[in-house]
Amino acid sequence: MFKRVLAFVSLLALVAVSCGGAAATPTPTATRAAAPAPTLAPTAAAAPAAQPTPTATRAPAPTPTAAAAALAAVQVYRVNLAGEPETIDPNKAHFASEISVAKQLFDGMFSFNQDLTVRPVLAEAIPTVANGGISADGLTYTIKLRPGVKWSDGKDVTAEDIVYSVKRMLDPATAGQYTTFYYSLKGAEELNKEKDAGKVPALKDALGVRALDARTVQFTLRQPDPIFLNLLALWPVYPIRRDVVERYGDKWTEAGNLIGNGPFLLKEWAHQDHITLERSPNYWGRPAKLQRIVVKMVTDVNAELAAYKNNELDVSRVPPGTEKATLDDPVLGKEIVRFPELVTFAFQFNNTVPPFDNKPLRQAITTAIDRDSFINKVRNGVGRPATSWIPPGMPGFDPDLGSQYKLNPARAKELLAQAGFPEGRGLPPLKFQYADTAGNKVIAEFLQANMKDHLGINIVLEPTEPRAFSALITQKKHTWALLGWGADYPDPDNWLPELFGSGKPANRTNYTSPAFDDLVKRAKAELDEKKRLDLWKQAHKVLIDDAPLAPIFYRERFFLRKPWVQDMRTTGMDGQLSGDFFLAELYIAQH
């Protein structure tokens, strides 16, 4: 998340995928299914659809806890999601909070190790050309599932469940947010863009995914895709039970209806208050150590911290502006966990809404932001100033890109004049929208002060209820908002084409550039790794020069964790819940 994850309702909490950091962590000593160590596929140059091993630094795990610590009699982990998920349907989920929950309820064919290499979960092995899992031309992937994999009601998970999920995800009626990620699949784009509902069944039948038998699923691509294995590790293609969806319709993800195949069950969903997950008695892999996870939905970070101090939560965000005081606290300072993430936050403009359709205006605003002051004074040294989109620790990161946007009030005023608003004259009111949390309020007020001090213009702040803000962004009805992105997988492909490609559903900025689109098209078809990354670098530069967004900082995860929380395994791609790839390994020690 984030994974996993596109618009964030809390500065310290969300991102996915996505979601998306960082510096190498040791590979975990155990996985949910006690899978054999994967054999990684050759690089893209040798086998077109294979995944390269990430070369960048990864986020270090928190200080290792004592593996031999005695378990508490009651294994309940209490965390905060910082808001109500819009959905936990894997085919539709796209916010970090949604994905973090879905990861606990469902297992996919693959997932990620702590060092962000791909590992098999439902699949028996990583497919390669050598083991016959990938065809020599890179167009066919054949995945064999483990025997004995069960749904939470005891029924077998089959290849047909995966086929159904992929077809449902791409069905235009589902309105999935990650569909374009899978357009390299034969027939995927045609199906997803079909306007005539009567033609959809035939297009589903023609889609490049099929079950060869109960335990074998095969994917056929229209062209080799260097990152396809990463895509098979993401939540949109988790298996889904067709009979459950057809029986309950939109209510299939409610407690009592949802049937998953992950280590936890959805026991309770008290909307706007909490979700209760319980250890699944029919889980096919190693049972979770936790009996229960209670997921609260407290949006106020100060209320969250109060609950933590009162031992009502086991982890907590730290209110922005209090980081130094927390580090200096004799008790809380010992409970801090911090590590960099593959996450970038930016002030993103809706490029089709005047006056933000004016490039020099966007550049002026971007040049008027004091990022160093933001990190040092607002964030108390937590995080890193950002002038470009792809973060440190990712292939494609360029530390010099966007340097023209470092704070320069004189240059910012020149750009404002070029935009047609000298000294702000004639500029209509600028509205800045954000999810109404304490952390985001601090950022919004910081931006407001920067615009007044460095450009001499006033902006109007529009705080919005977090779920309503998510909907506003999804519908592209915002004007100027705080948004972020966390890596779903460690590759520039995850940071540029779907978020900024012309007409892409996840393009919240409505940015369009023929030059950018051409470079993206070439990069996605390039199998030579060096050439591919160079094309992504060029596309990244076009994007930053056009300023459809104003990057502000690369996020560092900074939170409190009770000393009795043991074996938390974090990654630079954690979603809303830290360690969400490995919550089944976490346990509560006696205390």
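Since this is a predicted model, take the numbers as computed values, not measurements.

Undergrad: So what's going on with the sheet that holds strand β5 (residues 209-213)? Residues and values would help.
TA: In sheet architecture, strand pairing relies on hydrogen bonds along the backbone and comes in two forms, parallel and antiparallel. The strand order across the open sheet formed by three strands is β4-β6-β5, and the pairing between neighbours is antiparallel. Every other strand in the sheet has two partners, leaving β4 (140-144) and β5 as the edge strands with one partner each. Going across the sheet, the axis of each strand differs from the next one's by a mean of 25°, ignoring polarity. Pairing of β5 with strand β6 (residues 216-220) involves four bridges; the strand directions are antiparallel. Following the sheet pairing, R210 is matched in β6 by Q218. Strands in contact with helix α2 (residues 159-170) are β5 and β6; relative to β5, the strand with the most contacts, it is inclined by about 175°.

Undergrad: Which residues make up the packing of aromatic side chains, and what values go with them?
TA: Aromatic ring pairs are described here by two measures, namely the spacing of the ring centres and the angle between the planes. By the definition in use, this model includes 24 aromatic pairs. With a centroid separation of 5.5 Å and 85° between ring planes, the pair formed by F347 and F432 is classed as edge-to-face. With F347 in strand β11 (residues 336-349) and F432 in strand β13 (residues 430-435), this pair connects stretches of sequence that are 85 residues apart. With respect to burial, F347 and F432 carry one shared label: buried. Counting every residue linked through ring pairs, the aromatic cluster contains F347, F349, F356, F432, Y434 and W480. A cation sits over an aromatic face here: K103 above F581, 3.4 Å from the ring centre.

Undergrad: So what about the pattern of salt bridges? Which residues, and what values?
TA: Applying the stated criterion across every chain, the model contains 34 salt bridges. The salt bridge partner of E414 is R411, with a shortest N-O separation of 3.2 Å. Pair noted here: E414 and R411 are both in helix α11 (residues 409-418), with a separation of three residues, about one helical turn. By relative accessible area, E414 is classed as partly exposed at 45%. With a shortest N-O distance of 3.5 Å, D518 and R522 are connected by a salt bridge. With D518 and R522 both in helix α15 (residues 514-525) and four residues apart, the pair spans about one turn of that helix. According to the relative accessible area criterion, D518 is partly exposed, its value standing at 39%. Shared partners join several salt bridges into a network, and the residues in it are D153, R241 and D243.

Undergrad: So what's going on with the pairing of strand β15 (residues 480-486)? Residues and values would help.
TA: The element β15 is extensively covered by neighbouring structure, given that seven of its seven residues are classed as buried. By the alternation rule, side chains of β15 split into W480, L482, G484 and G486 and A481, L483 and W485, which are all buried. Bridge count for β11 against β15 is seven bridges, and the pairing is antiparallel. Residue pairing in the sheet places V343 in a bridge with G486 of β15.

Undergrad: Describe the confidence of the model for the protein, naming the residues involved and giving the relevant values.
TA: Of the residues in the protein, 88% have a pLDDT of 70 or more, and the chain-wide mean is 88. In the predicted structure, residues 1-67 sits below a pLDDT of 50 and forms 333 contacts with residues beyond four places in sequence or in another chain.

Undergrad: Go over the environment of E462 with me, naming the residues and quoting the values.
TA: Of note, E462 is situated in strand β14 (residues 459-464). Here E462 is in contact with K431, F432, Q433 and Y434, once residues within four sequence places are set aside.

Undergrad: A description of unusual backbone geometry should follow, citing residues and the corresponding values.
TA: Cis geometry is found at the peptide bond from P354 to P355, where omega equals 5°. Mapped onto the elements of the fold, P355 is located in the loop between β11 and α9 (359-367). Located in the positive-phi region is K476, a residue other than glycine, with phi close to 60°. In this structure, K476 sits in the loop between α13 (466-474) and β15. In the Ramachandran plot, N510 falls in the positive-phi region, its phi being about 55° despite a non-glycine side chain. For N510, the location among the structural elements is in the loop between α14 (497-500) and α15.

Calculation notes
- Residues numbered from 1 in each chain as written.
- Predicted model: local features only at pLDDT ≥ 70, side-chain atom pairs only at ≥ 80, totals over all residues.
- Heavy atoms only, no water.
- Pairing = 2+ DSSP bridges.
- Helix = DSSP H or I, 4+ residues; strand = E, 2+ residues; numbered from the N terminus.
- Axes fitted to C-alpha atoms, helices over the stretch in contact; angles between N-to-C directions.
- Contact = heavy atoms within 4.5 Å.
- Phe/Tyr/Trp six-rings, centres within 6.5 Å; stacked < 30°, edge-to-face > 60°.
- Buried < 20%, exposed > 50% of the residue type's maximum accessible area, 1.4 Å probe, protein only.
- Lys NZ or Arg CZ within 6 Å of the ring centre and 35° of its normal.
- Salt bridge = Lys/Arg side-chain N within 4 Å of Asp/Glu carboxyl O.
- pLDDT = per-residue confidence, 0-100.

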